[in-house]
Amino acid sequence: MFGKSRHVDEPPIHVVPWTDAWEFVITDEERPATGQRKRAAIGVRAFRVPQGSGVQRVNAPCAFFPPQSSAADDRRLYEDAEGGRLLCSVDEPQDVEGRRHYAVRDVQGQVIGTIQRIAPLKHALKPTWRVAQPGHPEIVTSAEWAKGGPKEMVQRGAGKMLLGVVQAVADMGAEGGDQPAKSRVLEWKAGDELVLTSEGDRRFLVRASWLDRRLVFAYALLRTG
């Protein structure tokens, strides 16, 4: 049955080990439409790694959402589409000094990090998010750098960006403000190190080898559901 859903010369799409995922997107598209494929081949919604080019372009899965949505499984991710091998889970949030802390656990139940949701200070702004991984500085986004204004961002070492570029980031506000509905590119830093780039809530590019991908998966799970 699977063979009938693809061209005979198209090999099966294998799961990419989550530890090897550097770039991934949340999508159900397995193979994009091309000149030879009039429609995209659709599979299950998952974290997928773009591979190949042209007609060989595929989105190989590396982490899966629960096969059946339920309250008990809403904050779990799996290594297989059937939901037989747990990858990680996210605890119920704990309020700590006005922030919501979500502990992320591995398959053994050990905490591997924490996702923080910080409520906005102004009604027009959306909440900001931070990622804490043991042994490393807290990871924050470019939206949060912008809170102090462009001049403060430069003084705080936001990088060798032109003031106009910094201002453009600042104009976005914390997590976007009232900007038009379009994909936002955020840079995530731990101290002065760029560790992650995200586009919207569905595309991610890992920049630091030490960053635990499961924390990125958990953040995206909390953002997109």
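Residues numbered from 1 in each chain as written. Predicted model: local features only at pLDDT ≥ 70, side-chain atom pairs only at ≥ 80, totals over all residues. Heavy atoms only, no water.

A. Representation of empty space enclosed by the protein within the structure. One pass over the structure, following the stated rule, counts 1 cavity of 30 Å³ or more. Quantified by volume, the largest cavity comes out at close to 70 Å³. Taken together, Val131, Ile139, Trp188, Val195, Leu196, Leu211, Leu215, Val216 and Tyr219 form the lining of the largest cavity. In terms of residue count, the dominant contributor to the lining of the largest cavity is helix H4 (residues 213–224) (3 residues). Across the lining of the largest cavity, the residue classes break down as 9 nonpolar, no polar and no charged. (1 Å grid on protein atoms, 1.4 Å probe; cavity = no way out; pocket = protein on both sides within 12 Å on 5 of 7 lines; lining within 4 Å. Points joined across faces, edges and corners; volume = space filled by probe spheres on them. Helix = DSSP H or I, 4+ residues; strand = E, 2+ residues; numbered from the N terminus. Nonpolar A, V, L, I, M, F, W, Y, C, P; charged D, E, K, R; others polar.)

B. Quick peek at the side chain of serine 198. Looking at where serine 198 falls in the secondary structure, it is placed in strand E12 (residues 193–199). At a separation of 2.9 Å, a polar atom in the side chain of serine 198 contacts the side chain of tryptophan 188. Among all residues touching serine 198, those that are not within four sequence positions of it are Arg184, Val185, Leu186, Trp188, Arg203 and Phe204. (Polar contact = N/O pair within 3.5 Å; in protein donor to acceptor, adjacent residues only side chain to side chain. Contact = heavy atoms within 4.5 Å.)

C. Spatial organisation of the pattern of salt bridges. For the coordinates displayed, the defined rule picks out 6 salt bridges. In this structure, the salt-bridge partner of glutamate 92 is arginine 75, at a minimum N-O distance of 3.1 Å. With glutamate 92 in the loop between strand E5 (86–90) and strand E6 (94–96) and arginine 75 in the loop between strand E3 (58–64) and strand E4 (76–78), this residue pair connects regions lying 17 residues apart in the sequence. For glutamate 92, a relative accessible area of 55% translates into the label exposed. (Salt bridge = Lys/Arg side-chain N within 4 Å of Asp/Glu carboxyl O. Buried < 20%, exposed > 50% of the residue type's maximum accessible area, 1.4 Å probe, protein only.)

D. Spatial organisation of the nonpolar core. Ranked by internal contacts, the top residues of the largest apolar core, which has 42 residues, are Phe24, Phe47, Ile115, Trp188 and Phe217. When residues of this core are assigned to their parent elements, the largest contribution, 8 residues, is made by H4. (Core = buried A, V, L, I, M, F, W, Y, C linked by side-chain atoms within 4.5 Å.)

E. Layout of the confidence of the model for the chain. Counting all residues, the mean pLDDT for the chain is 80, and 74% of those residues have values of 70 or more. The low-confidence segment residues 1–6, where pLDDT is below 50, has 4 contacts with residues more than four positions distant or belonging to other chains. When the criterion is pLDDT under 50, residues 148–181 qualifies, and its contacts beyond four places in sequence or with other chains add up to 46 contacts. (pLDDT = per-residue confidence, 0-100.)

F. A look at the packing of aromatic side chains. Enumeration according to the criterion identifies 9 aromatic pairs in this entry. Geometrically, the ring pair formed by tyrosine 102 and tryptophan 129 is stacked, given 6.5 Å between the ring centres and 25 degrees between the ring planes. Highlighted residues: tyrosine 102 in strand E7 (residues 99–105) and tryptophan 129 in strand E9 (residues 128–132), separated in sequence by 27 residues. Its relative accessible area of 5% is what places tryptophan 129 among the buried residues. An aromatic cluster of three or more residues is present, and its members are Phe24, Phe47, Phe65, Tyr102, Trp129, Trp188, Phe204, Phe217 and Tyr219. Over the ring of phenylalanine 65 we find arginine 45, and its NZ or CZ is 4.1 Å from the ring centre. Over the ring of tryptophan 22 we find arginine 213; its NZ or CZ atom is 4.5 Å from the centre of that ring. (Phe/Tyr/Trp six-rings, centres within 6.5 Å; stacked < 30°, edge-to-face > 60°. Lys NZ or Arg CZ within 6 Å of the ring centre and 35° of its normal.)

G. Summary view of the environment of proline 137. Summarising the element assignment, proline 137 is placed in the loop between E9 and strand E10 (139–141). Residue proline 137 is classed as partly exposed on the basis of its relative accessible area, which comes to 44%. The spacing of proline 137 and lysine 189 is 52 residues in sequence and 8.7 Å in space, taken between C-alpha atoms. The contact partners of proline 137, leaving out residues within four places of it in the chain, are Ala190 and Gly191.

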